[in-house]
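Observations on chain architecture
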Amino acid sequence: MPGCVRDEQRLAGIGAWVCERSVLVTGVRSHTTCESHEPHESRESSPPREQGSAVVLMVMIISVACVAALAAASVGHARITGNRVRSWADDAAVSAAVALSEGHRDPCAVAGRVVRADGAGVAACTVDGEDVTVSVRYEYRQGFGMVIMKTSRAGPVACG
């Protein structure tokens, strides 16, 4: 049985493969046995293998980018909700001022109905002469959860 050593120089740092091959005379059956022989030097002296480190780095970068995008989306959604609450406060203040000018006894009740229809609540409502000031409170339940309060004032404008 002839013995052979393959790629002895290329594999010198990580081990060599020694192959023995036996072939029948008829050529019908062949048998190959390969054994690994580790080099005599220790693995600690060989350079560290860094295969796959780029994949790990890319996964980390993509993860950070996704978290940043989600955080930006949450902040954007909170700002949009804050603008909606301000609009609800404006609607409630104008409705209360119109109700006051039409002679309703409780313009703050009108403001409360308008705000409740939007899913928020009236935190404060004051009437000062012909002006009505309404503070709207909305519990923002997305993300960490917070309370958004916006205040609006409405009343007649003096002409001239």
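Residues numbered from 1 in each chain as written. Predicted model: local features only at pLDDT ≥ 70, side-chain atom pairs only at ≥ 80, totals over all residues. Heavy atoms only, no water.

A short note on the packing of aromatic side chains
We count it as follows: A pair of aromatic rings is counted whenever rings of Phe, Tyr or Trp (Trp by its six-membered ring) have centres within 6.5 Å, and the orientation is called stacked for planes under 30 degrees apart, edge-to-face for over 60 and tilted otherwise. Segments assigned H or I by DSSP are reported as helices when at least four residues long, segments assigned E as strands when at least two residues long, and all are numbered from the N terminus. Each residue gets one of three labels from its accessible area relative to the maximum for its type: buried under 20%, exposed over 50%, partly exposed in between, using a 1.4 Å probe on protein chains only.
This structure, assessed with the given rule, holds 1 aromatic pair. Seen from their ring centres, Trp88 and Tyr138 are 5.4 Å apart, and the 75° between their planes marks the pair as edge-to-face. Here Tyr138 lies in strand β5 (residues 131-140) and Trp88 lies in helix α1 (residues 53-101), a separation of 50 residues in the sequence. Relative accessible area serves as the criterion here: at 15%, Trp88 is assigned to the buried category.

Considerations on the nonpolar core
Nonpolar side chains tend toward joint burial in soluble globular proteins. In plain terms, the rule: The definition of a nonpolar core used throughout is a set of buried Ala, Val, Leu, Ile, Met, Phe, Trp, Tyr and Cys residues joined through side-chain atoms within 4.5 Å. Here, two residues are considered to be in contact whenever any of their heavy atoms come within 4.5 Å of each other.
Residues Val134 and Val136 are the most contacted members of the largest nonpolar core, which totals 17 residues. Every element with two or more residues in this core is listed here: α1, α2 (107-117), β5 and β6 (146-154). The biggest single contributor to this core is α1, with 8 residues. Discounting residues that sit within four places of it in the chain, Val136 has contacts with Val85, Trp88, Ala89, Val115, Ala120, Gly121, Ala123, Ile148, Met149 and Lys150.

Observations concerning the state of the cysteines
Rule in force here: Disulfide: a pair of cysteine sulfur atoms within 2.5 Å of each other.
All chains considered together, the criterion is met by 1 disulfide. What pairs with Cys108 in a disulfide is Cys125, and their sulfur atoms sit 2.0 Å apart. Across the disulfide from Cys108 to Cys125, rotation about the S-S bond amounts to roughly -85°, and the bridge is consequently left-handed. Pair noted here: Cys108 is in helix α2 and Cys125 is in strand β4 (residues 121-128), with a separation of 17 residues, a long-range link. On the basis of relative accessible area, Cys125 is assigned to the partly exposed category, the value being 23%.

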